[in-house]
Every structure is written in C-alpha cells, then in structure tokens.
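Each chain, written out:
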Amino acid sequence: MANFHLYFASCALLLILRPSTGLPVRNLSPEYHAQCPELFKNLLLNIKEVLKSDDLCSSIMSDTVAIKSKAETVLACAPALAQTSGCIGQSSSSFSENECLSNITKDLAHYDALIQSYLNSSLKSPEKEAKLLNPTLGIIKSLRENCSLKAAEDDDSSEEDVAQTWDAGSFNNRQEMCKMMRGFYVRTITINRAMGYISAGDYKK
C-alpha cells in the first residue's frame, strides 16, 4: 500500500509539471557539471551548520519550516517521466534543464536578498550572526557568478519579496529567519537532487 501511494504521488507530481517556458537556452560547460554540484553540496552542509548554531535558532522552540520563494523548483526540476512508468493518462514527460536552472536561479536570488536584508535588520548579536551567515552569502555568490545562475539585473522581485519581512524586534526577526533557513535547507536538498539528475544526463538519452 505504501508503494502504491508513493507511485500515485510521483505520477501526480509529474502530471502537473509545466512545459518549458521558452527561456534562453543555457550553454553549460563541462566545468559547470564538475564544479557546481560540489558548490551546492557545500551550500547544503553550510546551511546545516548554520541551523546547528546557537547564534540563530537558540531558544526558538518551534520547528516550523517556511519557504516563501516564488520559484517553482520542485515542479520544474522533477525528473522526466519514463515511457515505461505506467502512470495512467501520461506516456512521457520531458525535463527542461533550462527551466530547472532558471527556478534554481530565482531561489538563490531570493535567499541572497533575504539573508542580506536580515543582516540589516534589528539583531540580538549582529557580529555573531554576520559571521555565521556571511559564508552562506559567499557560496551563493560563487554559484551565481560561476554557474550561470545570476538573475537578470532588472529583476528586483526578490528584494521586494523580503522588504517587509522584518519588524523592529530582534527575537521575532531571529525566529522568522530560523524558519526561513530551515526552508532554505529543504529547498537545497531538492536542488542537490536536481543537480545530480542533470549531471547524470539520463534525460538526454
């Protein structure tokens, strides 16, 4: 029964996967496929360490996860549905590497803007939290600059999304940021799986 539910959920996810949006095709070099998955692994490990630190989530009792990025990475990066999968009503589904990477780009832009705006808000320990989160910003910067994941200069939606996130209280800000970073961790797991799928290249066969 459990396998049936997993099968059904997988089929349902892929049936609603949107087709490619016709975005400019990215020409990805061999260096991209070698370097960028490793950078994403480093990002995942970094966020995990951030969440362990007492400087961010200490005294935060809730385990709530918040994902407010408007990117549709989960859907856009879902693996292609094989013709032999047996999902009723769907014989095959294509995977768009370009659309997947474009949504990952949106995620990175969102969390970059989120972390930077948080560091400019009211904080309990500004120096400690800056020291904790600046390495995360550094990895995001490397990904955006070296992996063709930099958003368009005229796309300021991420800045607008996070502009009203923080209030005047340092505890409330830290509580919200802790939830956001948990969400970032979950999203980065999805991204790492997508990068593994892209690197394998099975969808091109």
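Residues numbered from 1 in each chain as written. Predicted model: local features only at pLDDT ≥ 70, side-chain atom pairs only at ≥ 80, totals over all residues. Heavy atoms only, no water.

- Going by what an unreviewed UniProt entry lists, the protein is known as Interleukin-12 subunit alpha and is assigned to Amphiprion ocellaris.
- According to its UniProt record, the protein has this under Subunit (unreviewed entry): "Heterodimer with IL12B; disulfide-linked. The heterodimer is known as interleukin IL-12."
- One UniProt comment on the protein, placed under Sequence similarities (unreviewed entry), says "Belongs to the IL-6 superfamily." (UniProt positions renumbered as here; feature names shortened; annotations may be inferred.)

1. Details of the packing of helix 6 (residues 126–146) against helix 8 (residues 170–200)
Moving on, step 1. At a minimum axis distance of 14 Å, the contact between helix 6 and helix 8 shows a crossing angle of 30 degrees. Compared by their axis directions, helix 6 and helix 8 come out roughly parallel. Here the hand of the crossing between helix 6 and helix 8 comes out left-handed. Only Arg174, Met177, Met181 and Phe184 of helix 8 make contact with helix 6, whose side of the interface consists of Glu129, Leu133, Thr136 and Ile140. (Axes fitted to C-alpha atoms, helices over the stretch in contact; angles between N-to-C directions. Helix = DSSP H or I, 4+ residues; strand = E, 2+ residues; numbered from the N terminus. Parallel < 35°, antiparallel > 145°, perpendicular 65-115°, else oblique. Left-handed = near helix turned anticlockwise from the far one by under 90°. Contact = heavy atoms within 4.5 Å.)

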